[in-house]
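# A look at the structure
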Amino acid sequence: MSKHHVTTTINGEPTEYLCEAQQTMLDVLRDELGLTGSKEGCSSGDCGACTIILDGSIVCSCLMLGVEAEGRTVQTIEGIADGEKLHPVQQKFLEHAALQCGFCTPGLIVAAKALLDTTLNPTEEEARYWLAGNLCRCTGYDKVLRAVMDAAAEMRGEASA
Amino acid sequence: MSYLDKASLKVVGSRPIRPDGVDKVTGRANFGADMALPGMLWGKVKRSPHAHARILSINTDKAMKLPGVKAVVTRADFPDVPPDRAYIGEAPANLRDMSRNVMADGKVLYEGHALAAVAATDPSIAEEAVDLIEVEYEVLPHVIDVDEAMKDDAPLVQDGLFTAGVEPKPTKPSNIAKRVRFTKGDVAAGFAEAEIVVERKYTTKPVHQAYIEPHACVVSVGADAQTTIWSSSQGQFMVRGYTSRIVGADIASIRAMPAEIGGGFGGKTIVYLEPLAYMLSKKSGRPVKMVMSREEVFRASGPTSGAAMEIKLGAMKDGRIVAAQAILKYQAGAFPGSPVNQGAMCAFASYDLPNVDVIGYDVLSNRPKTAAYRAPGSPIAAYGVESCVDELAGELGIEPLRLREINAAKEGTKAAHGPTWTNIGYQKTLEAARDSAHYKTKLGPNQGRGIASGFWFNAGGDSSAAVHINEDGTVSVMCGHPDIGGSRASMALMVAEVLGVPYDQVRPVIGDTSAIGFSAVTGGSRVTFAGGTAVTRAAEAVVEVLKKRAATIWDISPEAVEWTDGKAVPAGANAGSFEPLDLVAIAAKSTRTGGPISAEIQVNAQGPGPGFATHICDVEVDRETGHVKVLRYTAIQDVGRAIHPAYVEGQMQGGVAQGVGWALNEEYIYDKDGRLENAGFLDYRVPVASDMPMIDTIMIEVPNPRHPFGARGVGEVPIVPPMAAVANAIADAVGTRMRDLPMSPPKLRAALDEQQPRLAAE
Amino acid sequence: MPRVNYEAPTSVDEAVKVLAGAAGLAKVLSGGTDLLVQLRSGRLKPDLIVDTKRIPGLIGIKEEGDKFVIGAATPGAMLSDHQALEHAWPGIVEGADLIGSTQIQGRASLAGNLCNASPAADSVPAVIAARATVVIAGPAGRREIPAEAVCTGPGRTSLAKGEFIVEFHVPKPKAHQCDAYLRFIPRTEMDIAVVGCGVNVTLDAGGTCTDARVVLGAVAPTTVIVEDAAKALIGHKLDEATLAALDAAAQKACKPITDKRGTIEYRTKIAGVLARRVAAIAFERAAAR
């Protein structure tokens, strides 16, 4: 079982790696590429802590093989900020204290960013359903939703609430 | 010094961005599983497939021969540990039990019980090796249910266990590890006097803390036994202390590094993997990383107890409760140590009652050993008591909130478990509930409103903190407690307040066990209280040093220097006339005035200040499916002083969401062989974002005089009321009383169906 | 995860060749949302994984004459985004849209959901209710069978070694024909259906049902087409009596089990409740056309 050679794009960087077939994309990101921002909470697609954006869609990187990334475009939590400038979702998470332990936070931010890539006018209910695959045990989701809705408002150009 | 006057505060009470925030929103923060070392091996655990079995033999030969496998350990590699009590976790732990929970000794006591561990060069190889370990079992009868476990003919989980707390000592072993009792007055006389008596039974299921981060560690043991442990836990000193005892090493040989922790809620106040990784590293001579799978987390760590309860209340027609009795039977799991003691103490703590009798039983069964979970024991008892109070209110025809107002614990009330309350805010939470906009809104069809209250002791104890004035005048703060929910921010706020400097000039760091003095766990809602006391005292000690340095610079007496708004100033006209000196100016001259400016303080903080809360919950019931939707929720709590209000609100909201999960859907489901059927987030159903409404919070501030800023613990009491609040709301909505958790759709629909013919008959 | 081999063929013929020629157990990978979970848990120990997503046509939705052709590995999110399909068969899209989270919908496919052969699969009832067919490629060439003929029992399909689903053919709706799907779960998201129900109805101009298919999920070893429930609808308008007959027929068709997700009694009752609720939506939609 020789390793597979994969050529892909991760956070805008052309990237090559070798991986074994059974390694998930999450294994590759964390163990081969040192991108440990994506977290492993369940390995079954039920917690969303490993959420990445694959060709524009969010997926659980624990439910994707590393070999499947061949020729695709991957964005992880490490690629959400623009250099030193945080994405509005990241900034609003900080301002609203929308994290406690911070373990689910990377997945939530990636998922929320993808939502706002789709629409800048989500209702609270739409945002709640969009984020239903991201478990957070600390916050009760209240401040998370406030942060996401506020980030959407800011990206629409409205003054912060 | 005291900072209880809120009006005088400049930064405490504000809501700045947490110091570790950017790391946590960009993926830079390092949690337990994020650590990697050169030459590192991966450890995996062999676990029992049986609920109860004798281990006849373990053969590790095939596993050892698999290429890539570097070490295998079993019980034979661990020393015998005496049954000493250790008080470094959330609750006193029996070290012998903990050792045998970490690695089974002779018998496996629950499905998932560890009995061997493997280290290999790659996780897949380690998994294969685990499968190659051959174990012969003699399967034994098992017991899962608490009432079954208490029967005379129940299979015995532990050999030779005799119930403690009963006189004379029993002659026959049983699964009942302990009986506790708290009494006040004469409960029989109280029931004789009562005009109405309500007696009901309630049950709860074990629920898991369900932190999203699985347990994880990396352990590196040197040839000289000098050891470094990186792990995610609620206390690096706890990890060091327990691991040292279980592996038989000196405490000084172990340095425990606190990784960021991805949630704990009490479940990471003990060790599971660290002793195994230690032995694997010692045997292989290489660092070993171990990470639990989610399935292992459910099968082998956590949960809190399930329980069966009998609650009896006697009252006068005017609503005065004159007698209260409870029998609480809590599951401990496979080793003694359920939180029944705490549950028994908390049961009636919110009420001013003349006659109380609470009996609690700590009961073993073939389940994983329970671990602390947020206000351990109290939410279970509160579900019973607060439901029963609601039922009593119904019998009396008194509004449930009014019944609580009539009987509320207040200044000077003596609780059944001993203390006399002072400086408590329980009545104020009831007042705030009545005054809230939420309480005044009208409900629609199939909607109902529930009220419930809760109590938690909160904890103090050992904490250390250091404050260093850096060469450039900035401030470094070293704390001994892992930051599980924003405590760096509250520590920095308190230091900034004392020093009179801006918040962002203060940088808090969580120190490893060699960098800061002993500090007990992040647990018991103790960090802001005890850790906050330590950082405040350390900052005050630094202020004294700063004043002396200014005095030296000015060549006047230190008594003639005052510290105001972050600057040393002459105390008055007589002290002389000098330009104020700030931290930058004093730090610049520190070498010439006596050297570095630092202070480290150790405290044993006493008087944490009890926490009381009252919650209001609105639900809507789908009568056809039994589905319950939480429409609106308000949590009201006496928080003492909110150091960083946003994170206080966060604690309240998080506790509510966990409580709603406990109320509606979370439970351990076992098959007939004692195997857990729902060891994953798919069927262990914690609330998701679309299950919850916004959670309103009302913070009542009755300052705790034993904390410099008046803080009291806030993290635990919010999980106490929700189960009863939801149950009471369901009863209000559809007239059906749910006395067994979880109140899941199949159970509620069945209860509604049962009610239909009954209603028709009436 | 256990060690395994991986192939990503770029044509149907190549895929058939590697599947048929595999030494041990070969599994098709489309969205992977079930397969990878089973792999990790050790429930499934394949020697080879064959990723079909690089085969042209396996992902995508086309309109060909009177039918939609949906590539087998098309993720649920693409179904939701396809306006013509969503307009034609909102129930099919609802079913696909209910499989797991937003993340899962980015990967989970119709073929994967069908071939995983869980009786609780959310996308299956509405697909069967629409009388969809599947095109299967294999060593003996291609064959087309009704969607309901794929799953033969929990975890079992009628596909032979070397065979895999290439595409779904879904007929376009007739006048006054529409569908709906609902499932019941304990939470609001992320659960496996306790009961699922797809209803597809055709009405006449007066609102009387002329054709119907009622399909229940999670109440028997496979998805169930409830003929008696269809009979309860055909020839009737949507009134209380019709709904009561439908409810009774749906309940009668249930042969569920008691497990961690629901009891026999509960599932049976909910099947009736859902049938009524779904039929009401389907009737309303069909009438609006």
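Residues numbered from 1 in each chain as written. Chains lettered and ligands numbered in written order. Predicted model: local features only at pLDDT ≥ 70, side-chain atom pairs only at ≥ 80, totals over all residues.

## Observations concerning the overall build of chain C
Within chain C one finds 11 helices and 14 strands. Against the globule reference of 19 Å for 289 residues, chain C gives a C-alpha radius of gyration of 19 Å, in line with a compact fold. Taking the principal axes of the C-alpha coordinates as reference, chain C spans close to 55 × 45 × 35 Å. Looking at chain C residue by residue over its 289 residues, the buried ones come to 58%. (Helix = DSSP H or I, 4+ residues; strand = E, 2+ residues; numbered from the N terminus. Rg over C-alpha atoms; globule rule 2.2 N^0.38 Å. Buried ≥ 20, exposed ≤ 12 C-beta atoms within 10 Å, placed from the backbone.)

## Here's the deal with the sheet that holds strand β23 (residues 567-570) of chain B
By way of backbone hydrogen bonds, the strands of a sheet pair with one another, either parallel or antiparallel. Residue and element names in this part refer to chain B. Across the sheet, 3 strands lie side by side as β22-β23-β24; this open sheet has antiparallel pairing. A strand with exactly one partner marks an edge of an open sheet, and here the two such strands are β22 (561-564) and β24 (581-582). Alignment of β22 against β23, held across 4 bridges, turns out to be antiparallel. What sits directly across from valine 561, in β23, is proline 570. Against the sheet, helix α16 (residues 527-554) contacts β22, β23 and β24, and its axis sits at roughly 130 degrees relative to β22. (Pairing = 2+ DSSP bridges. Contact = placed C-beta atoms within 7 Å. Axes fitted to C-alpha atoms, helices over the stretch in contact; angles between N-to-C directions.)

## Quick look at the pairing of strand β13 (residues 209-217) of chain C
All names here are of chain C. With 7 of 9 residues buried, β13 is to be regarded as a mostly interior element. Inspection of the sheet shows strand β12 (residues 195-203) paired to β13 by 8 bridges, in the antiparallel sense. By the bridge assignment for β13, cysteine 197 is matched with leucine 216. From the end of β12 to the start of β13, which pair antiparallel, there are 5 residues, and glycine 207 there has a positive phi angle of about 95 degrees.

## Observations concerning the packing of helix α15 (residues 487-499) of chain B against α16 of chain B
All names here are of chain B. Where α15 contacts α16, the two axes come as close as 9 Å, and the packing angle between them is 30 degrees. Between α15 and α16, the crossing angle belongs to the class labelled roughly parallel. Crossing geometry of α15 relative to α16 is assigned as right-handed. Each of Ser487, Ser490, Met491, Met494, Val495, Val498 and Leu499 in α15 lies in contact with α16, whose residues at this interface are Val527, Thr528, Gly531, Gly532, Val535, Thr536, Ala539, Glu540 and Val543. (Parallel < 35°, antiparallel > 145°, perpendicular 65-115°, else oblique. Left-handed = near helix turned anticlockwise from the far one by under 90°.)

## Section: the packing of helix α7 (residues 236-247) of chain B against helix α8 (residues 274-284) of chain B
Residue and element names in this part refer to chain B. At a closest axis distance of 9 Å, the pairing of α7 and α8 adopts a crossing angle of 55 degrees. Considering the angle they form, α7 stands oblique to α8. Here α7 runs over α8; the crossing is right-handed. Where α7 approaches α8, its residues Val239, Thr243, Ile246 and Val247 are matched on the opposing element by Glu274, Pro275, Tyr278 and Met279. Broken down by class, the residue content of the contact of α7 with α8 amounts to 6 nonpolar, 1 polar and 1 charged. (Nonpolar A, V, L, I, M, F, W, Y, C, P; charged D, E, K, R; others polar.)

## Concerning the interface of chain B and chain C
Counting from both sides, the interface comprises 18 residues of chain B and, opposite them, 19 residues of chain C. In terms of residue count, helix α21 (residues 745-761) of chain B provides more of the side of chain B that touches chain C than any other element does, 3 residues in total.

## Looking at the sheet that holds strand β18 (residues 447-456) of chain B
All names here are of chain B. Taking strand neighbours across the sheet as the criterion, the 4 strands line up as β18-β26-β27-β28 in an open arrangement whose pairing is mixed. Two strands lie at the open edges of the sheet, namely β18 and β28 (695-700), each paired on one side alone. With strand direction ignored, the average angle separating the axes of adjacent strands in the sheet is 20 degrees.

## Re unusual backbone geometry
Of the consecutive residues glutamate 167 of chain B and proline 168 of chain B, the connecting peptide bond is found in the cis state with omega at -10 degrees. Structurally, proline 168 of chain B is set in the loop between α5 (146-149) and β9 (176-184). Across the junction of leucine 741 of chain B and proline 742 of chain B, the peptide omega takes the value -10 degrees, indicating a cis bond. A positive phi angle, close to 60 degrees, is found at aspartate 555 of chain B, a residue other than glycine. You can see aspartate 555 of chain B is positioned in the loop between α16 and β22. Classification of aspartate 555 of chain B as exposed rests on a count of 8 C-beta atoms within 10 Å. Phi at alanine 117 of chain C is positive, roughly 60 degrees, even though this residue is not glycine. The residue alanine 117 of chain C is located in the loop between α7 (110-115) and α8 (124-129) in this model. By C-beta crowding, alanine 117 of chain C is classed as buried, having 22 other C-beta atoms within 10 Å.

## Brief notes about the environment of alanine 147 of chain A
Residues and elements named next belong to chain A. Checked against the element boundaries, alanine 147 lands in helix α5 (residues 142-155). We classify alanine 147 as buried; it has 27 C-beta atoms within 10 Å. With 56 residues separating them in the primary sequence, alanine 147 and glutamine 91 have C-alpha atoms 8.5 Å apart. Other than its neighbours up to four places away in sequence, alanine 147 contacts Lys92, Phe93, His96 and Ala98.

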